[in-house]
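Structure at a glance
In case you want the letters, here they are:
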Amino acid sequence: MASSRDELKIYWNKIYYAFPILNDMLFSDCSDEEYQEIQEIIIGLAIQIKIRDLVLVHIEKYLRQHVAPSFWAKFLKVEEEVKGFQLFKSAVNDLYESLKNFSSILNKLNTLNNCCGDNKPIFGERDVLMGFKQLLRATLLSQLPLDFPVIINHFYKISFNVFDNEYENSEIPDDIMCSGCWNESIDCNCAYIVKIFHDTNRKLVELQLLERLTGQVLTNFIQLRIESHIQKVCAGTFDVSHIGFLENWLDTTVMSWLTRIYCAGSSKPQPDDHIVLNAISKFKQKLSYFLYHSYTKLRIDQLFNIVIDYPDSQAAVDDIKLCLDKTDLRSTLCKKLQNALETRLLHPGVNTTDILTAYISTIRALRHLDPSGVILETVTKPVRSYLRNREDTVRSVVSSLTEEGAGSELAEELVKFAVDNDNENDKEEDWDEWEPDPVDADPKINSCDRKASDIISMLVNVYGSKELFVNEYRTLLADRLLGQSVINTEKEIRYLELLKLRFGESQLHFCEVMLRDVSDSKRLNALIQQDRNFESLNSKFSSNAMILSAQFWPPFKDESLELPEDIKQHFEAYTKCYETLKGNRTLSWKPHLGNVNIEIEIGTKKLDLIVSPFNATLIMHFQNKPEWSLEELHQVMKVPITILRRKITYWQSLGIITEKTTDNYALVDGSEASKPSGSRNQVQDMICEDEETESVMASAHDQREGELQVFWSYIVGMLTNLDSLPLERIHQMLKMFASQAPGTECSLQELRQFLDTKVRTHQLILQAGMYKLPKT
């Protein structure tokens, strides 16, 4: 029994001698011949499986207690990049050297495992060495510290800077700093960094730790470099396509650097190394997607400026179009651009013309970006809603449609529509190029209608009515025809023909009559001027009348003005001549419309002016009587005092009339009139500008109030019979009894405003929510 124990003790000592790891040691003097004898003893005792498993347990214990803590102890959170670089290099070198010490034990263990015959996997691997590496990775990663990426990031940041600049700084003066290692060029350390970089990566590849240990850190680092490179190269420039340059930079710089990492310094992987080839390919796919994603996000943040600059920014729009097909940022683009439009455009501080210009640019840019029109429809919804609520939108659109010069985009669009309309019959549907709508398209809207809508159609669709635009054009045309001393009928006819192609002939028939009135007026004026009975009246002044077909023109502003007697006689004579020519027709004069050429001499001052009939009448009264009060002028001219007070400032600004006392005005004498006044000239310019922009046509509000006037007789009848009624009852009765009258589309709000106007003019009394007629 004692001899058996002594033998076993000798055997165990020999096993410890062959596998010193069982005593937590790595080195032994056991030779290969000695080990063969020891292995025969193990096989003779039939304990080879138990010895193998015991050795593996002790190897795992040694890695866990010694190797892993020693490796992670060097992963300190340091701020200095150079120190981090050195720490990571040292940690990998020490790990590599310490694992070399396992080579003897692993060789003997591999020989022993071949004799076991149980084919048991070693930590999931068939090979002992591969199983050891698997165990090493698992042990290291099980003790992963929180701040481990810090020094890894420092290591790769320094090496990337060197790699990115190694060909750019080959000929640098000694007094310039190297942009790779940030040392003086005479002390450049780039070659050393490159050597250490390749050596460290080779060791990590051998240990199969590269991907597990540095993969995520490398990904995060490269993504940050991609973002910073995109910001540096692409910020603020929209007229050049950048996506090609970025793809080339990714291939030649980033992927070349990564290839050297995975291939331990080689610029190309081995053709038969499928693992490395697959890893590099997957990394490139991931980074390519991130490049497109980051570039698209940057362009989306700048999209408002890109849209405003279109078509100069078409290169940037093309890049976004390409990237949208490779990323999932379509909804993000819609939301951000919509928010940018609402924040920067849709508020009272922006002129309607500027909003329309931006809207037109948005339509053009988004049509190019997304030909299906889905993005355009989504993004511009708040713009359309906002424009619908702006009072001057229609006038701004119509003014732009008929504006001269290259800057008028809508006028260009109108001409373009006419050209496209001529070629429309030559076009055939390219059914073989059909593409389905995007998934975010509204299924209720026909895709053909969405694509076919031109810019003018989209502006018309803001209101959904052509009539509104045609009526506004009619008013604008009337203003232009009546406000110009020289009328360019050829230009107006050209625009009218273009508009007829766009809106239809029937819609613009009234405008044709208006232009015909202008040409007819010239002919009739020439005939009347030749009349002998009228010719004698031209000794004092001459006149040219614009003879209008009243039912075809928009309503005029209803202003009263009593003309001087000489002028009234002149107009009566003109009317008689007209009646002679036209037989059963006569003229109804609008004395407040038109322009008057007058010449004023006062002292040494002489003025040639073109003024309104009102201002001409006003100054003519001062010719006969040098001093007037506003009340006297009111009695003579039949004009409200408030208007007189406002209009007389024009002559004050010229220094011709002065206010002696409150509401009493006098013609200045010659000496005072000749004195120049800088402030007067400024006031004059302001007043003249105000008068030029004032429309002679009735506003939409005035026209609507005229339409509602038809209800007044009904309302008077109701209140006469029923004494007093609330607003709601009046509205109900009007719908019942006045339904056949024109302009009956009267809402409750409109009726309230109309009745409140009557209350202010003392034609109605409002008491306790009830309307009634005043007592006579």
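Data block above holds the structure.
Residues numbered from 1 in each chain as written. Predicted model: local features only at pLDDT ≥ 70, side-chain atom pairs only at ≥ 80, totals over all residues. Heavy atoms only, no water.

1. Considering the overall build of the protein
- The secondary structure content of the protein amounts to 36 helices and 8 strands.
- Considering the protein as a whole, with its 776 residues, one finds that 43% of them fall into the buried category.
- Taking contacts inside the protein between residues at least 6 apart in sequence as the whole, the part at least 24 apart equals 70%.
- Carbon together with sulfur atoms contributes 51% to the accessible area of the protein, which is approximately 42700 Å² in total. (Helix = DSSP H or I, 4+ residues; strand = E, 2+ residues; numbered from the N terminus. Buried < 20%, exposed > 50% of the residue type's maximum accessible area, 1.4 Å probe, protein only. Contact = heavy atoms within 4.5 Å. Areas by Shrake-Rupley, 256 points an atom, 1.4 Å probe, with all protein chains shown as cover.)

2. Some remarks on the packing of helix H27 (residues 613-624) against helix H28 (residues 630-637)
- One can describe the packing of H27 onto H28 by two numbers: an axis separation of 12 Å at closest approach and a directional angle of 115°. Between H27 and H28 lies a crossing whose hand is right-handed. Contacts between H27 and H28 involve Phe614, Thr617, Leu618, His621 and Phe622 from the former and Leu633, Val636 and Met637 from the latter.
- Among the residues forming the contact of H27 with H28, the class breakdown is 6 nonpolar, 2 polar and no charged. (Axes fitted to C-alpha atoms, helices over the stretch in contact; angles between N-to-C directions. Left-handed = near helix turned anticlockwise from the far one by under 90°. Nonpolar A, V, L, I, M, F, W, Y, C, P; charged D, E, K, R; others polar.)

3. Here's the deal with the packing of aromatic side chains
- Under the definition given, this model contains 25 aromatic pairs.
- Measuring from centroid to centroid gives 5.1 Å for Phe155 and Tyr156, while their planes differ by 85°, and the two rings are edge-to-face. Judged on exposure class, the residue Phe155 and its partner Tyr156 are both buried.
- Judged by centre distance (5.8 Å) and plane angle (80°), the rings of Phe160 and Phe221 are edge-to-face. Here Phe160 is found in helix H7 (residues 149-165), whereas its partner Phe221 is found in helix H9 (residues 210-234), with 61 residues between them in sequence.
- Residue Phe160 is classed as buried on the basis of its relative accessible area of 1%.
- Put simply, the rings of Phe71, Trp72, Phe75, Phe85, Phe88, Phe148, Phe155, Tyr156, Phe160, Phe197, Phe221 and Trp257 touch in pairs and so form one group of aromatic residues. (Phe/Tyr/Trp six-rings, centres within 6.5 Å; stacked < 30°, edge-to-face > 60°.)

4. Observations regarding the nonpolar core
- The biggest cluster of nonpolar side chains holds 88 residues, and the ones touching the most others in it are Phe19, Ile21, Ile59, Phe102, Tyr156, Trp257 and Leu258.
- Look past the residues within four positions of Ile21 in its chain and what remains in contact with it is Leu26, Val55, His58, Ile59, Tyr62, Phe102 and Ile105.
- One finds Leu376, Leu481, Cys511 and Val518 within the second-largest nonpolar core, a separate group that totals 66 residues. (Core = buried A, V, L, I, M, F, W, Y, C linked by side-chain atoms within 4.5 Å.)

5. Some words on unusual backbone geometry
- Here the residue pair Tyr310 and Pro311 is connected by a cis peptide bond, since its omega of 10° sits within 30 degrees of zero.
- Within the secondary structure layout, Pro311 lies in the loop between helix H12 (303-309) and helix H13 (314-324).
- With a phi close to 65°, Asp663 is a non-glycine residue in the positive phi region.
- Unlike most non-glycine residues, Asp723 shows phi in positive territory, near 70°.
- Along the polypeptide, Asp723 turns up in the loop between helix H34 (712-722) and strand S6 (724-726).
- For Asp723, a relative accessible area of 53% corresponds to the exposed category.

6. Here's the deal with the pairing of strand S5 (residues 664-667)
- Relative to S5, strand S3 (residues 627-629) runs antiparallel, the two being bridged by 3 bridges. If you follow Trp628 over to S5, its bridge partner there is Tyr665.
- Pairing of strand S4 (residues 657-661) with S5 involves 4 bridges; the strand directions are antiparallel. By the bridge assignment, Thr658 is partnered in S5 with Ala666.
- Here S4 folds back onto S5 in antiparallel fashion, the turn holding 2 residues, of which Asp663 has a positive phi close to 65°. (Pairing = 2+ DSSP bridges.)

7. Considering the pattern of salt bridges
- As enumerated under the stated definition, the model contains 18 salt bridges in all.
- Between Lys336 and Asp301 there is a salt bridge whose closest N-O contact spans 3.0 Å. Here Asp301 lies in helix H11 (residues 274-301) and Lys336 lies in helix H14 (residues 330-344), a separation of 35 residues in the sequence.
- Relative accessible area serves as the criterion here: at 40%, Lys336 is assigned to the partly exposed category.
- The salt bridge partner of Lys625 is Glu632, with a shortest N-O separation of 3.3 Å.
- When its relative accessible area of 32% is taken as the criterion, Glu632 is described as partly exposed.
- Each of the salt bridges in this network shares a partner with another, and the network as a whole consists of Asp199, Arg202, Lys203 and Glu206. (Salt bridge = Lys/Arg side-chain N within 4 Å of Asp/Glu carboxyl O.)

8. What to know about the environment of Gln338
- In this structure, Gln338 sits in helix H14.
- Taking the C-alpha atoms as reference, Gln338 lies 10.0 Å from Leu376; in sequence the two are 38 residues apart.
- Other than its neighbours up to four places away in sequence, Gln338 contacts Thr378, Val379 and Pro382.

9. Brief notes about the pairing of strand S1 (residues 596-602)
- Note that S1 and strand S2 (residues 605-611) share 7 bridges and pair antiparallel. Note that in S2 the partner of Glu599 across the bridge is Asp608.
- Connecting S1 to the next strand, S2, in antiparallel fashion are 2 residues, including Gly603 with a positive phi near 65°.

10. Here's the deal with helix H5 (residues 103-114)
- Over its 12 residues, H5 runs 17 Å from end to end, which matches the ideal 16 Å to within 8%, given 1.5 Å per residue.
- Ile105, Leu106, Lys108, Leu109, Leu112 and Asn113 are the residues of H5 that are buried. Buried residues in H5, looked at end-on, bunch into an arc of 165°, giving them a common side. What points out from H5, more than 90 degrees from its buried face, is the exposed set Asn107 and Asn114. (Expected span 1.5 Å × (residues − 1). Arc of directions from axis to C-beta.)

11. Looking at the environment of Val150
- Relative to the helices and strands, Val150 is located in helix H7.
- Sequence-wise, Val150 and Phe88 are 62 residues apart; in three dimensions their C-alpha atoms are separated by 9.6 Å.
- Setting aside residues no more than four positions away along its own chain, Val150 makes contact with Lys77 and Val78.

12. Side note on H9
- Along H9, the largest kink reaches about 30° and is centred on Gln216.
- In the segment just after H9, Gly236 is the residue with positive phi, at about 85°. (Bend = angle between axes of the 7 residues up to and from the residue.)

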